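Results of the structural survey
Here is how the chains run, residue by residue.
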Amino acid sequence: KINYSKCVYYMLNKPDGYVSATEDNVYPTVIDLIKEYHPGLFPVGRLDVDTEGLLLITNDGQLAHRLLSPRTHVPKILLVCHPI
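Conventions and cut-offs
- Residues numbered from 1 in each chain as written.
- Predicted model: local features only at pLDDT ≥ 70, side-chain atom pairs only at ≥ 80, totals over all residues.
- Heavy atoms only, no water.
- Helix = DSSP H or I, 4+ residues; strand = E, 2+ residues; numbered from the N terminus.
- Buried < 20%, exposed > 50% of the residue type's maximum accessible area, 1.4 Å probe, protein only.
- Contact = heavy atoms within 4.5 Å.
- Salt bridge = Lys/Arg side-chain N within 4 Å of Asp/Glu carboxyl O.
- Core = buried A, V, L, I, M, F, W, Y, C linked by side-chain atoms within 4.5 Å.

**Digging into the environment of Leu67**
Here Leu67 shows up in helix H1 (residues 61-68). Owing to a relative accessible area of 26%, Leu67 belongs among the partly exposed residues under this scheme. For the pair Leu67 and Gly45, spaced 22 residues apart in the sequence, the C-alpha separation amounts to 8.9 Å. Every residue in contact with Leu67, bar those within four places of it in the chain, is listed here: Val44, Leu56, Val74 and Lys76.

Take a look at the structure:
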């Protein structure tokens with residue numbers, strides 16, 4: 001039996017200390033947090049290494065383009081909480 005999915009989607013709560021990238025020589029990446037192998041995974045958007053928050057991880061380039069392209073005007077909401 002072979003299971004096949006053309007596109008996969010992960011909602012990932014990025015922890016502090018990981019970079020929103022597929023490869024990095026200094027820090028671990030958000031892709032390192034995903035144990036199942038799916039070729040072509042990448043984060044949609046980015047959060048700084050010291051920032052925590054929700055990231056979409058996928059191999060669906062068309063969806064990523066639609067979400068990130070300035071032409072589509074997809075609203076993005078960022079909530080910043082400063083420690084007291």
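**Details of the pattern of salt bridges**
Per the counting criterion, the structure on display carries one salt bridge. Note that Asp48 and Arg46 form a salt bridge whose closest N and O atoms lie 2.6 Å from each other. With a relative accessible area of 40%, Asp48 lands in the partly exposed category. Classification of Arg46 as exposed rests on a relative accessible area of 60%.

**So, the side chain of Thr58**
With respect to the helices and strands, the residue Thr58 is situated in strand E3 (residues 53-58). We classify Thr58 as buried; its relative accessible area is 0%. Apart from residues lying up to four places away in sequence, Thr58 is in contact with Val8, Tyr9, Gly40, Leu41, Phe42 and Val44.

**Things to note about the environment of Asp50**
Looking at the secondary structure, you find Asp50 in the loop between strand E2 (42-44) and E3. Along the primary structure Asp50 and Tyr37 are separated by 13 residues, whereas in three dimensions their C-alpha atoms are 26 Å apart.

**Side note on the nonpolar core**
Among the nonpolar cores identified, the biggest contains nine residues, and these are Val8, Leu12, Val30, Ile31, Ile34, Leu41, Leu47, Leu55 and Ile57. Those residues in contact with Ile31 that sit more than four places away from it in its chain are Ala21, Thr22, Leu41, Phe42, Pro43 and Ile57.

**Some points on unusual backbone geometry**
Here His73, not a glycine, exhibits a phi torsion of approximately 55°, which is positive. Along the chain, His73 turns up in the segment after H1. The exposure class assigned to His73 is exposed, which follows from its relative accessible area of 67%.

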